[in-house]
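The lines below spell out each chain.
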Amino acid sequence: MLEQNDDEKYRIYSEAGILSILRSMMRNNSLVTCNVGHSDSHILTTVIDVDAEQGEMVLDYGADEIVNQQALKANELDAVAFPDHVKIQFVCEGIEKIQFEGHAAFLTRIPETLLRIQRREFYRVDTPRAMPIKCVIPLPEGRIPAAIEVILHDISCGGMAVIGAQSSLNFETGAIHHDCLVVLPEIGTAKVNLQVQDVSEIPHGNGQRARCVYVDPQESVLSMIQRYINKLELERRRKQ
């Protein structure tokens, strides 16, 4: 999520602009994650209809009925999607269960405003130091070992910074590392291609820090990463 003070410069209020984005998401069957309240519960859905005259849109019904019922009781849902690797975020209000073309669905009001955030503007969050998150980077065929582990320093929906020991891998700016695996606790394993944008040496010979961006990430993977960021932010607020 973005810092609150940064929201306004990415916020869209134009009805035509909002409808255009929602209809594009509908045409492309973009995956939408709807977070239910201040919890880890979420629904994976898609926009299946947009009715500008009625000011309503229809979302596909979730797979977990327990979470569906939580959503129907909630005042609002925080929805996030990543069409074309651009983060779209809006609030769903007035959730109802309906039948749409013979199937259960959610009916909600078209949002009055939404955020549209380019990758370079994504908010980065530091990962836990007590229990470091590891990223497994495969090495070229024939290398021994076949892969190395590095530690995540921070993560966003646009990329991540990793720390590698001096003996593990010499990061090079511009290099692309394919099929890297990041295990996100309680969320799942994200497979990403990482391109190194910047490399800095850690003092006293303790390795390198490489700032990387995702190359052609899948929407489902970005959704997982966003859920993990939400989880970290929720844990941080609970400790305050």
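Each remark here, short or long, concerns the structure printed above.
Summary of the structure given here. (Residues numbered from 1 in each chain as written. Predicted model: local features only at pLDDT ≥ 70, side-chain atom pairs only at ≥ 80, totals over all residues. Heavy atoms only, no water.)

1. Topic: the overall build of the chain
In step 1: Summing up its helical and strand segments, the chain has three helices and 17 strands in all.
In step 2: Its C-alpha radius of gyration of 20 Å places the chain within 12% of the 18 Å reference for a compact globule of 240 residues.
In step 3: Overall, the C-alpha framework of the chain stretches about 60 × 40 × 35 Å when taken along its three principal axes.
In step 4: Looking at the chain as a whole, 44% of its 240 residues are labelled buried.
In step 5: For the chain, contacts bridging at least 24 residues in sequence account for 59% of all contacts bridging at least 6.
In step 6: Entry remark: accessible area of the chain is about 12900 Å², with carbon and sulfur atoms responsible for 48%.
In step 7: Placing the 24 positive and 34 negative side-chain charges of the chain at their respective mean positions leaves the two points 6 Å apart. (Helix = DSSP H or I, 4+ residues; strand = E, 2+ residues; numbered from the N terminus. Rg over C-alpha atoms; globule rule 2.2 N^0.38 Å. Buried < 20%, exposed > 50% of the residue type's maximum accessible area, 1.4 Å probe, protein only. Contact = heavy atoms within 4.5 Å. Areas by Shrake-Rupley, 256 points an atom, 1.4 Å probe, with all protein chains shown as cover. Lys, Arg positive; Asp, Glu negative; His and termini not counted. Charge placed at Lys NZ, Arg CZ, Asp CG, Glu CD.)

2. Brief notes about the layout of surface pockets
In step 1: Empty space within the second largest pocket amounts to approximately 360 Å³.
In step 2: Of all the secondary-structure elements, those providing two or more residues to the lining of the second largest pocket are β11 (125-126) and α3 (219-239).
In step 3: Among the elements that take part in the lining of the second largest pocket, α3 stands out by supplying seven residues, more than any other.
In step 4: Here the lining of the second largest pocket is composed, by residue class, of nine nonpolar, one polar and six charged. (1 Å grid on protein atoms, 1.4 Å probe; cavity = no way out; pocket = protein on both sides within 12 Å on 5 of 7 lines; lining within 4 Å. Points joined across faces, edges and corners; volume = space filled by probe spheres on them. Nonpolar A, V, L, I, M, F, W, Y, C, P; charged D, E, K, R; others polar.)

3. Here we look at the pairing of strand β5 (residues 56-60)
In step 1: Of the strand pairs in this sheet, strand β4 (residues 47-51) and β5 are connected by four bridges, and their pairing is antiparallel. Among the inter-strand pairings, Asp-51 is bridged to a residue of β5, identified as Glu-56.
In step 2: Where β4 folds back onto β5 in an antiparallel hairpin, the turn is made up of four residues, including Gly-55, whose phi is positive at roughly 70°.
In step 3: The pairing of β5 with strand β9 (residues 103-109) spans five bridges and is antiparallel. What sits directly across from Glu-56, in β9, is Arg-109. (Pairing = 2+ DSSP bridges.)

4. Re the sheet that holds β4
In step 1: An order of β4-β5-β9-β8 is seen for the four strands of this open sheet, with the pairing classed as antiparallel. Two strands close off the open sheet at either side, each with one partner strand: β4 and β8 (96-100). On average, each strand axis in the sheet is inclined to that of its neighbour by 35°, with strand direction left out of account.
In step 2: In this sheet, β9 lies alongside β8 in antiparallel orientation, the contact comprising five bridges. The residue of β9 that forms the bridge with Glu-96 is Leu-107. (Axes fitted to C-alpha atoms, helices over the stretch in contact; angles between N-to-C directions.)

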